Amino acid sequence: MSNALPPGLPAPAQEPVAKPYWEGTRTNKLMIQRCTGCGAHQWGPEWVCHRCHSFDLGWEEVAPRGRIWSWQRPHHPVHPALNGHGPYTIVLVELPEAGNVRMVGNLLCAPDAKVEIGAEVEAVFEPHDDADPPYTLVQWRAKG
Amino acid sequence: MSERTLRGKVAIAGIGETTYYKHGHSPDAEFKLALQAVLAACRDAGIDPKEVDGFASYGNDRSEAVRLAAALGIKELRFSNMHWGGGGGGVAASVANAAAAVHSGMANCVIAFRSLAQGQFARYGRGAAVPAASGDDAFLFPYGLMSPAQRFAMKITRFMTEHGIKHEALRSIAMASYHHAQTNPSAVMYGRPLTEEKYDASRWIVEPFHRLFDCCQENDGAGAVLVVPADRAKDLPHKPTYLLGTAQGGHHRSAAPVHNAPDYASAHFPTVAKNMWAMAKLGPQDVDVVQAYENFTGGVLLSLVEHGFVDPKTANEFLVLENLLAPTGKMPMNTSGGNLAECYMHGLEMVNEAVRQLRGTANNQVPDANVVAVLGGPMVTPVSSLVLGTEATL
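Residues numbered from 1 in each chain as written. Chains lettered and ligands numbered in written order. Predicted model: local features only at pLDDT ≥ 70, side-chain atom pairs only at ≥ 80, totals over all residues.

**Description of the overall build of chain B**
Check the secondary structure of chain B and you find 13 helices and 13 strands. Relative to the 2.2 N^0.38 estimate, which gives 21 Å for 394 residues, the radius of gyration of chain B is 20 Å and therefore close to what a compact globule would have. Reported as C-alpha extents along the three principal axes, the dimensions of chain B are approximately 50 × 50 × 50 Å. Counting the 394 residues in chain B, one finds 60% classified as buried. In chain B, the share of contacts with a sequence separation of at least 24, taken over all contacts with a separation of at least 6, comes to 80%. (Helix = DSSP H or I, 4+ residues; strand = E, 2+ residues; numbered from the N terminus. Rg over C-alpha atoms; globule rule 2.2 N^0.38 Å. Buried ≥ 20, exposed ≤ 12 C-beta atoms within 10 Å, placed from the backbone. Contact = placed C-beta atoms within 7 Å.)

**A look at the overall build of chain A**
The number of helices and strands found in chain A is 1 helix and 9 strands. Starting at the N terminus and ending at the C terminus, chain A contains elements arranged as β-α-β-β-β-β-β-β-β-β. Computed over its C-alpha atoms, the radius of gyration of chain A comes to 16 Å, within 12% of the 15 Å expected for a compact globule of 144 residues. Each principal axis of the C-alpha atoms in chain A carries an extent, and together these give about 50 × 35 × 25 Å. Each of the 144 residues in chain A was classed as buried or not, and the buried ones make up 40%. Counting only contacts in chain A whose residues sit at least 6 apart along the sequence, the fraction spanning at least 24 positions is 54%.

**A look at the interface of chain A and chain B**
At the interface, 35 residues of chain A touch 35 residues of chain B. Contributing elements (two or more residues each) for the side of chain A that touches chain B: strand S1 (11-12), strand S5 (65-74), strand S6 (90-95) and strand S7 (101-106) of chain A. In terms of residue class, the side of chain A that touches chain B is built from 22 nonpolar, 9 polar and 4 charged. With 2 bridges connecting them, S5 of chain A and strand S7 (residues 204-207) of chain B associate as antiparallel partners. Paired with Arg 73 of chain A across the strands is Glu 207 of chain B, a residue of S7 of chain B. (Nonpolar A, V, L, I, M, F, W, Y, C, P; charged D, E, K, R; others polar. Pairing = 2+ DSSP bridges.)

**Regarding the UniProt feature "domain: Thiolase C-terminal" (unreviewed entry) in chain B**
Per the UniProt record, "domain: Thiolase C-terminal" (unreviewed entry) is found at residues 256-387 of chain B. Between the end C-alpha atoms of residues 256-387 of chain B there is a gap of 28 Å, over a span that is 35% helix and 11% strand. (UniProt positions renumbered as here; feature names shortened; annotations may be inferred.)

**Some points on the pairing of strand S3 (residues 54-58) of chain B**
Residues and elements named next belong to chain B. For S3, the buried fraction is high: 5 of the 5 residues fall into the buried class. Burial of S3 is two-sided: the residues Gly 54, Ala 56 and Tyr 58 facing one way and the residues Phe 55 and Ser 57 facing the other way are all buried. Bridge analysis of S3 against strand S4 (residues 79-83) gives 5 bridges, and the strand direction is parallel. Residue Ser 57 lies in a different strand from S4, and its bridge partner there is Met 82. In this region the chain leaves S3, passes through helix H2 (residues 65-71) and returns to the parallel neighbour S4; the handedness of that crossover is right-handed. (Right-handed = clockwise from strand over helix to strand, strands pointing away.)

**Quick word on the UniProt feature "domain: ChsH2 C-terminal OB-fold" (unreviewed entry) in chain A**
UniProt annotation of "domain: ChsH2 C-terminal OB-fold" (unreviewed entry) refers to residues 59-126 of chain A when read in the numbering used here. Split by type, residues 59-126 of chain A is 0% helix and 47% strand. Its first and last C-alpha atoms lie 21 Å apart.

**Points about the packing of helix H5 (residues 167-181) of chain B against helix H9 (residues 297-306) of chain B**
Residues and elements named next belong to chain B. Following both chains from N to C, one finds H5 and H9 inclined at 100°, their axes separated by 9 Å at the closest point. With respect to their mutual orientation, H5 and H9 come out roughly perpendicular. Note on element contacts: H9 touches H5 through Thr 297, Gly 298, Val 300 and Leu 301, opposite Ala 169, Leu 170, Ile 173 and Ala 174. (Axes fitted to C-alpha atoms, helices over the stretch in contact; angles between N-to-C directions. Parallel < 35°, antiparallel > 145°, perpendicular 65-115°, else oblique.)

**Thoughts on the sheet that holds strand S2 (residues 31-35) of chain A**
Residue and element names in this part refer to chain A. Spatial ordering of the open sheet is given by S3-S2-S4, a layout of 3 strands whose pairing is antiparallel. Single-partner strands in this sheet number two, and they are strand S3 (41-42) and strand S4 (57-61). For S2 and S4, the ladder comprises 5 bridges, and the chain directions are antiparallel. Bridging across to S4, Arg 34 finds its partner in Gly 58.

**Comments concerning the nonpolar core**
Side chains of a nonpolar character, in soluble globular proteins, are inclined to be buried together. All names here are of chain B. Residues Ala 41, Val 110, Val 225, Leu 226, Val 227 and Leu 388 are the most contacted members of the largest nonpolar core, which totals 175 residues. The element contributing the most residues to this core is helix H3 (residues 91-104), with 10 residues. Excluding residues within four positions of it along the chain, Leu 388 makes contact with Ile 12, Thr 241, Tyr 242, Leu 243, Leu 244, Ala 354, Val 355, Leu 358 and Val 372. (Core = buried A, V, L, I, M, F, W, Y, C linked by C-beta atoms within 7 Å.)

**Focus: H3 of chain B**
All names here are of chain B. For H3, built from 14 residues, the straight-helix expectation of 20 Å at 1.5 Å per residue is met to within 8% by its first-to-last C-alpha distance of 20 Å. Where burial is concerned, most of H3 is hidden: 12 out of the 14 residues are buried. The set of residues buried in H3 consists of Val 91, Ala 92, Ala 93, Ser 94, Val 95, Ala 96, Asn 97, Ala 98, Ala 99, Ala 100, Ala 101 and Val 102. Just past H3, the residue Gly 105 takes up positive phi, approximately 90°. (Expected span 1.5 Å × (residues − 1).)

**Some details on the pairing of strand S9 (residues 219-229) of chain B**
All names here are of chain B. Taken across its 11 residues, S9 has 10 buried, putting it largely inside the fold. Two elements, strand S1 (residues 10-17) and S9, share 7 bridges in a ladder whose sense is antiparallel. In the strand pairing of S9, Gly 16 is matched with Ala 224. The pairing of strand S2 (residues 21-22) with S9 spans 2 bridges and is classified as antiparallel. Note on S9: the bridge partner recorded for Lys 22 is Asn 219. Alignment of strand S5 (residues 110-117) against S9, held across 8 bridges, turns out to be antiparallel. The residue of S9 that forms the bridge with Ala 117 is Asp 220.

**Some details on the environment of Ala 373 of chain B**
Tracing the backbone through its elements, the reader meets Ala 373 of chain B in strand S12 (residues 371-375). With sequence-adjacent residues up to four places away left out, Ala 373 of chain B is seen in contact with Val 287, Val 290, His 307, Ser 385 and Val 387 of chain B.

**Section: unusual backbone geometry**
Note the cis peptide between Trp 43 of chain A and Gly 44 of chain A, where omega equals 0°. Looking at the secondary structure, you find Gly 44 of chain A in the loop between S3 and S4. Even without glycine at this site, Asn 28 of chain A takes up a positive phi of about 60°. The residue Asn 28 of chain A is located in the loop between helix H1 (19-26) and S2 in this model. Backbone geometry at Arg 253 of chain B places phi at a positive 55°, although glycine is not the residue there. Secondary-structure assignment places Arg 253 of chain B in the loop between strand S10 (241-249) and helix H8 (270-280). The class for Arg 253 of chain B is partly exposed, based on 13 C-beta atoms found within 10 Å.

Here is the structure:
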């Protein structure tokens, strides 16, 4: 399967605060921060729980599915790697099984596909094994 | 305890701006533009530039206060201030910070300004060319989400979809700015009117609500205002323009990472607008002219809603061109052409226009304008807004 976008876009810096997330994606697991103090889910990663101020933030594997909270379809190339590529679709996905945190990714669909807020989607793990260091992105597709 | 407020305590005594250029067309360096705008504001106020004792700016302005003070031979620098956050979210905050310095006695005569020769640096509409994206960007850049238009697009999609607001409402916002620019010789888009057909035929930047004309320009130039204590303004050449209310900041977790703000489809003004109206002891119904920062027209819609000017339920009916035009529209807006058509000076040009409206010297003058609201850059965080008024409003 080809990747959602052409090669050459910036890779994610796999920073310490987000390390368990990036390690999880390499084995096709979706890991989200969850406070061991109060149980709140949190995304994106932060050093402290926004609800109870505990620094004991654990990581929990969550169901790799959600629903589209919002979307956009960029046409204007914002990076040289996208020159001539044409429109692509970005979705903001709400994870109802993980405290309704939201994640950003590409929706794997035709460039003119109709996108509906509220539609159910599931994660697709997109490995970039040739990168140094390798990483895996989390993309989304309509739930089959 | 006396009331803690800036209402009526300070005035904008002078306004200044450079020639506004298309992106990359300024013959002058960015710092020279800043100096020109500062000197113009002092000249307008009838105040010796060496009396200026403070500078406040925003958007990580590159023209540093100390360099300005040294270049201009300022006798004593008593206040230098940079408001956090990018873009024009801090435009009103820079004026507010200048005002707070003046009212508290920290300084006496403070310039709030923005200088921006973006053409000499980088494009806003392109992502930074970095090998690896860090922080929030690590979860956005690899998916091709890099530009300001993209950062805000999903707020607008969500809001417009939820409330059934049509793209035509945004077209009216764009057309109002272009309409007013046609009678403002200083506007970059002077002589370049926008029609419905031209708007509808313009290319997509981001579907479903960002056509080319929904997006601001990039420009080169500078703008400045001079803030002094209210008492002093009475003895200066122009009719004083008083600060009535101002606020900055963001509501609960508006900057939550990776698009996780609980109130997501927002321009981030709910608390800011409430606090601004409270200080001003006014509401949207009291405002004669609105200057609403356009980074993107969808942001203007959200900003107008959150300041109480527009009800989402009637936005399609209310946001039609005739309602937005000076002098007779129900809500004359962006009367010098705004960011879209006068100049993208990160909203500082809107503060200047607010002052001209209150002095009665605007190109598209709204008769007897006594109260003007300036709504700063929406959808970034923190954001800021202010209300100015004539002496009659004190």
